[in-house]
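Here is how the chains run, residue by residue.
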Amino acid sequence: MLGIDEDSGALAFPVYQQHPIPIFLTYYALMATGVLFVLLGPLVYHVYARLQTPLRLIVLICMVVAGSTQMIAASRWLIVLPYFAHIYTSPQTDAATRAALDVAYKGTSYFLGLTIGEFFYNIFTGLWSVFLVVMLWRSAHRNVWFHWIGIIAGVGIMPVSYTHLTLPTILRV
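Quick caveat, the model's predicted, so the values are computed rather than measured.

Caption draft 1: Region of the structure containing the overall build of the chain. The number of helices and strands found in the chain is six helices and zero strands. In the chain, the succession of helices and strands from N to C terminus is α-α-α-α-α-α. When burial is assessed residue by residue, the chain has 39% of its 173 residues classed as buried.

Set out below in structure tokens:
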């Protein structure tokens, strides 16, 4: 996204230095979506209080976890990337420090980006989507086609998380 390479700090840091505002705004917006999920979870829980089902609590937990993982993953671009890029592009930085920053960037990108951001975010977003649809389906049988769209979308999100975590890791080894 925005020309930032998640595998190489040597490629990502100069891009960040050239375009810090669009990168900041993009990842700030992604972090804001995480905040909205965290805030939306209790709201959904309260709005559907008339439905006395354990699915309500499961939806709340999944939404809060999904939002939290999205905030953590996006924050790496707002906190870690600018810090690493500043040091990396400094004329006083030697080759060994640049190599260490590249390794640290790659580790941060894989852990916060692929593991937390894409794997857990997709899993919990898919789960809360499916559980919410099932909860609503049990309460009212209107708009059955809408329920199926929600289930297909929720289930469709979950396998994507496995391809982000496993396939790129396997191919790079």
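Caption draft 2: Focus on a nonpolar patch on the surface. Nonpolar side chains collect at one region of the surface, where Ile21, Phe24, Leu25 and Tyr28 lie side by side and expose about 420 Å² of accessible area between them. Mapped onto the fold, Phe24 is located in helix α2 (residues 20-47). For Phe24, a relative accessible area of 36% corresponds to the partly exposed category.

Caption draft 3: A look at the environment of Asp94. Its place among the elements puts Asp94 in the loop between α3 (54-88) and α4 (95-139). Of the residues examined, Asp94 reaches a relative accessible area of 42% and is grouped as partly exposed. Side-chain polar atoms of Asp94 contact the side chain of Thr97, separated by 2.5 Å.

Caption draft 4: Expanded view of the nonpolar core. Membership of the largest hydrophobic core comes to 14 residues, with the highest contact counts inside it found for Phe13, Ile23, Leu81 and Tyr105. Sorting the residues of this core by element identifies α1 (9-18), α2, α3 and α4 as the ones contributing at least two each. Per-element accounting of this core gives the leading share, six residues, to α3. Core analysis: the second largest hydrophobic core is formed by 12 residues, Leu55, Ala66, Tyr121 and Met135 among them.

Each value, and the rule that gives it
Residues numbered from 1 in each chain as written. Predicted model: local features only at pLDDT ≥ 70, side-chain atom pairs only at ≥ 80, totals over all residues. Heavy atoms only, no water. Helix = DSSP H or I, 4+ residues; strand = E, 2+ residues; numbered from the N terminus. Buried < 20%, exposed > 50% of the residue type's maximum accessible area, 1.4 Å probe, protein only. Patch = residues over 30% accessible without salt bridge, like charges linked within 9 Å, V, L, I, M, F, W, Y side chains within 5 Å. Areas by Shrake-Rupley, 256 points an atom, 1.4 Å probe, with all protein chains shown as cover. Salt bridge = Lys/Arg side-chain N within 4 Å of Asp/Glu carboxyl O. Polar contact = N/O pair within 3.5 Å; in protein donor to acceptor, adjacent residues only side chain to side chain. Core = buried A, V, L, I, M, F, W, Y, C linked by side-chain atoms within 4.5 Å.

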